[in-house]
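Commentary on secondary and tertiary structure
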Amino acid sequence: MQTYNLLQQIDSPADLRRLTVKQLPELCDELRHFIIEQLSSHPGHLASSLGTVELTVALHYVFNTPNDRLVWDVGHQAYGHKILTGRREQFHTNRQMGGLRPFPFPTESPYDTFACGHASNSISAALGMATAVGNSRKVVAVIGDGAMSGGLAYEGLNNVSETPNNLLIILNDNNMSIDPAVGGFKHYLQDLHTSSAYNGLRYRIAKALTDHGFLNDERRTRILRFNNSVKSFLLGQQNIFEGMNIRYFGPNDGHDVMQLVRTLQRIKDMKGPKLLHIRTVKGKGYSEAEKDPTTWHAPGLFNPDTGEVKKAQAKGVKFQQVFGHTLLELAQSNPDIVGITPAMPTGCSMNIMMKAMPERCFDVGIAEGHAVTFAAGLAREGKRPFCNIYSSFAQRAYDNIIHDTALQHLPVTLCLDRAGLVGEDGATHHGAFDLAALRPIPHITIAAPMDEAELRNLMFTAQSGNHGTFVIRYPRGGVPSDRRAPLPDWRTPMQAAPIGRGRCLRPAAEGCKVAVLSLGIMGWNIPEGPWAHYDMRFLKPLDDAIMEEVADRFTTVVTVEDGVRNGGLGSAVLEWLADHGHTPRVVRLGLPDEYVEHGSIRQLQTLTGLDPDSIESTLNELA
Ligand SMILES: Cc1ncc(C[n+]2csc(CCOP(=O)(O)OP(=O)(O)O)c2C)c(N)n1
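Residues numbered from 1 in each chain as written. Predicted model: local features only at pLDDT ≥ 70, side-chain atom pairs only at ≥ 80, totals over all residues. Heavy atoms only, no water.

Considerations on the overall build of the protein chain
Helices and strands together make up the secondary structure of the protein chain, namely 24 helices and 19 strands. Across the 623 residues of the protein chain, 58% fall into the buried class. Considering only contacts in the protein chain between residues 6 or more positions apart, those separated by 24 or more positions represent 75%. Surface exposure of the protein chain reaches about 25,100 Å², of which carbon and sulfur atoms provide 52%. (Helix = DSSP H or I, 4+ residues; strand = E, 2+ residues; numbered from the N terminus. Buried < 20%, exposed > 50% of the residue type's maximum accessible area, 1.4 Å probe, protein only. Contact = heavy atoms within 4.5 Å. Areas by Shrake-Rupley, 256 points an atom, 1.4 Å probe, with all protein chains shown as cover.)

Describing the environment of R32
Mapped onto the elements of the fold, R32 is located in helix α2 (residues 24-41). A relative accessible area of 8% places R32 in the buried class. Considering only alpha carbons, one finds R32 and L604, 572 residues apart in sequence, at a separation of 31 Å. Non-local contacts of R32, meaning those with residues more than four positions away in its chain, are made with L50, V53, E54, H255, K284 and G285.

Description of the sheet that holds strand β18 (residues 556-564)
If you trace the 5 strands from one edge of the open sheet to the other, you get β14-β16-β15-β18-β19, paired in mixed fashion. Pairing within the sheet leaves two strands with one partner each, and these edge strands are β14 (503-506) and β19 (585-591). The average angle at which neighbouring strand axes cross in this sheet is 25°, direction not considered. Examined bridge by bridge, strand β15 (residues 514-518) and strand β16 (residues 532-535) share 4 bridges and lie parallel to one another. (Pairing = 2+ DSSP bridges. Axes fitted to C-alpha atoms, helices over the stretch in contact; angles between N-to-C directions.)

Things to note about the domain arrangement of the protein chain
When its domains are assigned, the protein chain resolves into domain 1 (7-194 + 239-288), domain 2 (319-473) and domain 3 (504-622). One C-alpha centre belongs to domain 2, the other to domain 3; they are set 26 Å apart. Each side of the interface is counted separately: domain 2 has 31 residues, and domain 3 has 33 residues. Here domain 2 packs against domain 3, burying approximately 2,500 Å² in sum over the two surfaces, 64% of which is carbon and sulfur. Of all residues in domain 2, L421, R439 and M450 give up the largest surface area on contact with domain 3, accounting jointly for 34% of the area buried on that side. Across the contact surface, domain 2 and domain 3 share 3 salt bridges. (Domains from an automatic or database assignment. Buried area = accessible area lost by both parts, 1.4 Å probe. Salt bridge = Lys/Arg side-chain N within 4 Å of Asp/Glu carboxyl O.)

Let's talk about the site of the ligand
Of all residues adjacent to the ligand, which total 22 residues, the nearest are S48, H76, G146, K282 and E368. Within the side chain of D145, an N or O atom sits 3.1 Å from an oxygen atom of the ligand. Isolated, the ligand exposes 580 Å² of accessible area, and the fraction of that covered by the protein chains is 98%. Tallied by class, residues from the shell around the ligand come to 9 nonpolar, 9 polar and 4 charged. In terms of domain composition, the shell around the ligand takes at least three residues from each of domain 1 (7-194 + 239-288) and domain 2 (319-473). (Near = heavy atom within 4 Å. Polar contact = N/O pair within 3.5 Å; in protein donor to acceptor, adjacent residues only side chain to side chain. Nonpolar A, V, L, I, M, F, W, Y, C, P; charged D, E, K, R; others polar.)

Describing the side chain of H60
Positionally, H60 belongs in helix α4 (residues 53-62). Sequence-distant contacts of H60, defined by excluding residues within four places in its chain, comprise P13, L16, R17, T65, L70, H81, T85 and Y111.

Section: the packing of aromatic side chains
For the coordinates displayed, the defined rule picks out 15 aromatic pairs. With 6.3 Å between their ring centres and 65° between their planes, F433 and Y595 make a pair best called edge-to-face. Linking F433 in the loop between β11 (413-417) and α19 (434-438) with Y595 in the loop between β19 and α23 (601-607), this pair joins segments that are 162 residues apart in sequence. Looking at F433, the relative accessible area reads 30%, which means it is partly exposed. An aromatic cluster is defined as three or more aromatic residues linked by ring pairs; in this entry it consists of Y154, F185, Y188, F241 and Y248. Taking NZ or CZ as reference, R101 lies 3.9 Å from the ring centre of F105, over its face. (Phe/Tyr/Trp six-rings, centres within 6.5 Å; stacked < 30°, edge-to-face > 60°. Lys NZ or Arg CZ within 6 Å of the ring centre and 35° of its normal.)

Focus: the packing of α2 against helix α5 (residues 79-87)
Packed helices, taken two at a time, are described by the angle between their axes plus the distance between the axes. It is at 10 Å that the axes of α2 and α5 come closest, and there the two elements cross at 105°. Our classification of the angle between α2 and α5 gives roughly perpendicular. Contact residues: α2 offers L31, F34, I35 and L39, while α5 offers Y79, G80, I83 and L84. Among the residues making up the contact of α2 with α5, the classes are represented as 7 nonpolar, 1 polar and no charged. (Parallel < 35°, antiparallel > 145°, perpendicular 65-115°, else oblique.)

A few points about unusual backbone geometry
Look at the link from T65 to P66: it is a cis peptide, with omega at 5°. Cis geometry is found at the peptide bond from G250 to P251, where omega equals -5°. Phi at R95 takes a positive value of approximately 75°, unusual for a residue other than glycine. Secondary-structure assignment places R95 in the loop between α5 and α6 (122-133). Phi is positive for R537, which is not a glycine, with a value near 65°. Locating R537 in the fold gives a position in the loop between β16 and β17 (538-540). Here R537 falls in the buried class, since its relative accessible area comes to 14%.

As for the sheet that holds strand β3 (residues 168-173)
Within the open sheet, the 5 strands sit side by side as β1-β2-β3-β5-β4. Their pairing is parallel. Lying at the two open borders of the sheet, with one neighbouring strand each, are β1 (69-72) and β4 (247-253). The mean angle between the axes of side-by-side strands here comes to 20°, regardless of whether they run parallel or antiparallel. Across 6 bridges, β3 lies against strand β5 (residues 274-279) in parallel orientation. Along β5, the bridge assignment pairs L168 with K274.

Quick look at the packing of helix α17 (residues 368-380) against helix α18 (residues 398-406)
Interhelical geometry of α17 versus α18 gives an angle of 5° and a closest axis separation of 9 Å. Here α17 is positioned roughly parallel relative to α18, judged by the angle of their axes. Across the interface between the two elements, G369, H370, V372, T373 and A376 from α17 touch N400, I401, D404 and T405 from α18. Residues of the contact of α17 with α18, tallied by class, amount to 3 nonpolar, 5 polar and 1 charged.

Details of the pattern of salt bridges
Using the criterion set out here, one finds 23 salt bridges in the structure. Salt-bridge contacts for D482 lead to R602; the nearest nitrogen and oxygen are separated by 3.4 Å. One end of the pair, D482, is in the loop between β13 (469-473) and β14; the other, R602, is in helix α23, with 120 residues separating them in the sequence. The salt bridge partner of R553 is E549, with a shortest N-O separation of 3.7 Å. Of this pair, R553 and E549 both sit in helix α21 (residues 544-553), 4 residues apart, roughly one helical turn. What makes R553 partly exposed here is its relative accessible area of 44%. Take E549: its relative accessible area is 31%, and that puts it in the partly exposed class. In this structure, a network of salt bridges that share partners links the residues E454, R503, D535 and R537.

What follows is the structure in structure tokens.
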């Protein structure tokens, strides 16, 4: 039975700072054990948080948080931070509706300094904060090597080297993203080494010179540049950070908490930007997670003693599996098809094609904008790229979609996974904006399948002929199992889906004047009743024939979508009706003009009026 002798005394980092350095390894053990115990019954992001236990303890020990600012990247590694900053007792509510948020967020705690969820923003945000606060606080950004593959991180670094600031960047290098890390920078980091004796000597000399008034900021920068050239020469290696005037320390063992404390104490008062590179093990301290960090990134429920992951009873097939198998099937007959994923090969199931055709798949790292423009380049030379991006992460690629694909009418198929409500990952991860954001883009096709066969048909259609930028958005998981029994075999032969054509699922009962127009899987939430029901299938182009029929025959039109109401299907229908001189009553059901928080998908549907019962009562009132 684990006891939490030290951990239970810590209600804030101030309590932590009362411990001796020698007590910290024991505290780390307790914290690690607490995370494992809690997550086994309240699922969340395990492996990343296990890897940052020592770093988290050392940071809160050395820095005067919350006056000093810690900026986490993604925030999936910050469970230790939550637990040490007064949220230990509530931690069992993590990710549940009304409970702790899935990622750090400033309204939840004064220790959470900036919104987390989407990767690679920490350096830019922390630099902004460091620039604003000058010397009044210290600012630390913690970024993983995976998040370092995102372009935004480089934009931040580039600026760090020019703007006067005292920022400390901690590069938490575990050689893993969710899947194994990719890219040239990963190789660079593996080879990186430095002489700690050299760094220590340089620091002591610089400090003595500054204390005696011989060194000001400008001289220090010039000397640093000169030193860097000497060091590159001596070590036979150019350090990219030092080349940018960011002082580099490391690589350090990120699991030696006492050494981390010493290093942080030594560098925290140094003037100018600096980077501490630590090496850590994703899943550290839990052997199952260390062995298979991809599965244990977010394993769901598990038995903490045996390491057995309690897989939810599979009910039917997931859209992700359908995507993965269908892509391979199409690629087998169309040699031009290539697959692109920005760091989510397992999550989106492109790993199926990767295994069979590694040379035709590209994991480009956490680089959504690049993924789209890279796909456009491939398409320009005759390839038929399928670029799979989670809907909310595709927000990062908005201009690339407009400027690099749609404008040039390039045949890029964008499969937007995790569209609509995603559940426990919350506000940063819901695929809420794709429909509204993409609809105004000229020459773009936007489709949303209601079931597995439709996803297959849409993928088949997208790669036959040049339809320009073709967006297919579908949710996490599959068709709701309480609405339809699992299919015995979903691998139906594929056929072309007529572009811009929906279908009537149920004609109206005699005398009923209400028509429901739904998009994608929302179709499953429309209950039976006297109303007509159309599955629009395409948001763009909108089905003129259905619209004419609806405008002629019904006095009330209800639109149902799992994206924001502002700008999506409801707006498209209103615009069509206004443009064609029709004035039926239009009721738009969709996500509100608010950020929807975390909870189970069904809870969130109820919250937003999109669950079958809520829709039924809305329709009954109108019918
Ligand atoms: C913009 C964006 N794309 C993709 C993701 C999905 N994602 C979450 S964590 C992660 C891996 C991050 O790797 P790293 O920064 O090295 O942290 P680690 O988990 O290894 O500690 C990815 C790809 C995301 N959160 N944001």
